[in-house]
Amino acid sequence: MAAGLFHVALICVCLFTTATAEKSPAKSKDPCERVFCTKGRMCVVNEDRSTTCVCPESCPEEYNPVCSVYRTEFNNNCELHKFACRLGVMVGIERQGKCDSEGDKWKWGPCSTSSLQQFHDRYLEYLMFAREKELDPDFPTGSKRLDSLTYEERKAIIEWEFYGMDKNHNDILDKEEIELMIDPNEDCMVGFMKSCDYDHKPGISRKEWNECFPPISTEVNQDAMDF
């Protein structure tokens, strides 16, 4: 995977955004059960039982460990969402509890928080160079900077990868297609793919794929960097 300039994208959104839940034939005891919050936000239930997706500014000090799909451990769910939200990315939950327990046989390596902070830009830069090389074989590597891309240029790169890997053209990256995209030398890749599938339905849809990448920002959130 190409090396290059690393910077962490900061999500610049209002802390409170109303979430839309999927309709369920039976009333759920937990209104958040079928709500999918994007960009690292977490679902909370309001007094009137409506739901809101929020970026938590602070978290309780309780120790109720949760293991992310990146094999990184957080003190509780709130801390995981606080970290993810400040990066503007999805961080899926692998399980409640510690990451390393007796008898565990992980099939992918841990992705540290510092590596995750750089991963999305590292991956996007790799895709940028790959796309330019395909469009122009004489394109000189390093002649374009990731931080100079417009929103539309970033979107074009992200969708280029999706359509290129969607071999059966069903608008879904299925299991076999995802496996072809996994770089065994990139510890964050498996967690990234698992996080993209936030609705937990088979495969990664085009909408989910576009949500996988953080928004453009010229700022770095120091709180996230210092986690």
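Just above sits the structure.
In this report, we go over the structure that sits alongside the text. Bear in mind that the values here come from a model prediction, so they are computed numbers and not experimental data.

### Digging into the packing of aromatic side chains
Counted by the stated rule, this structure contains eleven aromatic pairs. Residues Y123 and F213 carry aromatic rings whose centres are separated by 6.0 Å and whose planes lie at 25 degrees to one another, so their mutual orientation is stacked. Linking Y123 in helix α2 (residues 113–135) with F213 in the loop between α6 (206–211) and α7 (222–225), this pair joins segments that are 90 residues apart in sequence. Across the pair, F213 and Y123 agree in class, each one buried. Members of the aromatic cluster, connected to one another through ring pairs, are F119, Y123, F192, W209 and F213.

### Some details on the nonpolar core
Here is a general trend for soluble globular proteins: nonpolar side chains tend to be buried in one another's company. In terms of nonpolar packing, the biggest core is built from 36 residues, with Y70, Y123, L173, F192, M193, W209 and F213 touching the most fellow members. Elements supplying a minimum of two residues to this core: α1 (77–87), α2, α3 (151–165), α4 (175–181) and α5 (189–196). Tallying contributions element by element places α2 first for this core, with seven residues. Viewed by domain, this core spans two of them, domain 1 (42–96) and domain 2 (113–217), each represented by three or more residues. Sequence-distant contacts of Y70, defined by excluding residues within four places in its chain, comprise M90, V91, P110, C111, L116, H120, C188, G191, F192 and S195. Membership of the second largest hydrophobic core comes to five residues, among which are C32, C37, C43 and C53.

### Some points on the pattern of salt bridges
What the rule picks out here adds up to five salt bridges. For K39, the salt bridge is made with E211, and the minimal N-O distance between the two is 3.7 Å. With a gap of 172 residues between them, K39 in the loop between β1 (16–18) and β2 (42–45) and E211 in helix α6 connect regions that are remote in the sequence.

### Considering α2
For α2, spanning 23 residues, the distance from its first C-alpha to its last is 34 Å, which sits close to the expected 33 Å at 1.5 Å a residue. Maximal helix bending in α2 amounts to about 40 degrees, located at F119.

### As for the pairing of β2
One ladder, built from four bridges, connects β2 with strand β3 (residues 51–54); its direction is antiparallel. Each residue of the ladder has a partner; that of M42, found in β3, is V54. Here β2 hands over to β3 after five residues, with R49 in that stretch at a positive phi of 75 degrees.

### Things to note about unusual backbone geometry
Positioned with a positive phi, K39 is a non-glycine residue whose angle comes to about 55 degrees. Of note, H169 is a non-glycine position whose phi angle comes to about 55 degrees, a positive value. Along the chain, the position of H169 falls in the loop between α3 and β7 (172–173).

### Concerning the packing of α2 against α3
Running from amino to carboxyl end, α2 crosses α3 at an angle of 80 degrees, the nearest separation of the two axes being 9 Å. It follows that α2 is roughly perpendicular to α3 by the angle criterion. In this structure, α2 uses Y123, L124, L127, M128, A130, R131 and E134 to contact α3, whose residues at the interface are R154, A156, I157, I158, W160 and E161. Its residues assigned to classes, the contact of α2 with α3 comprises nine nonpolar, no polar and four charged.

Procedures and definitions
- Residues numbered from 1 in each chain as written.
- Predicted model: local features only at pLDDT ≥ 70, side-chain atom pairs only at ≥ 80, totals over all residues.
- Heavy atoms only, no water.
- Phe/Tyr/Trp six-rings, centres within 6.5 Å; stacked < 30°, edge-to-face > 60°.
- Helix = DSSP H or I, 4+ residues; strand = E, 2+ residues; numbered from the N terminus.
- Buried < 20%, exposed > 50% of the residue type's maximum accessible area, 1.4 Å probe, protein only.
- Core = buried A, V, L, I, M, F, W, Y, C linked by side-chain atoms within 4.5 Å.
- Domains from an automatic or database assignment.
- Contact = heavy atoms within 4.5 Å.
- Salt bridge = Lys/Arg side-chain N within 4 Å of Asp/Glu carboxyl O.
- Expected span 1.5 Å × (residues − 1).
- Bend = angle between axes of the 7 residues up to and from the residue.
- Pairing = 2+ DSSP bridges.
- Axes fitted to C-alpha atoms, helices over the stretch in contact; angles between N-to-C directions.
- Parallel < 35°, antiparallel > 145°, perpendicular 65-115°, else oblique.
- Nonpolar A, V, L, I, M, F, W, Y, C, P; charged D, E, K, R; others polar.

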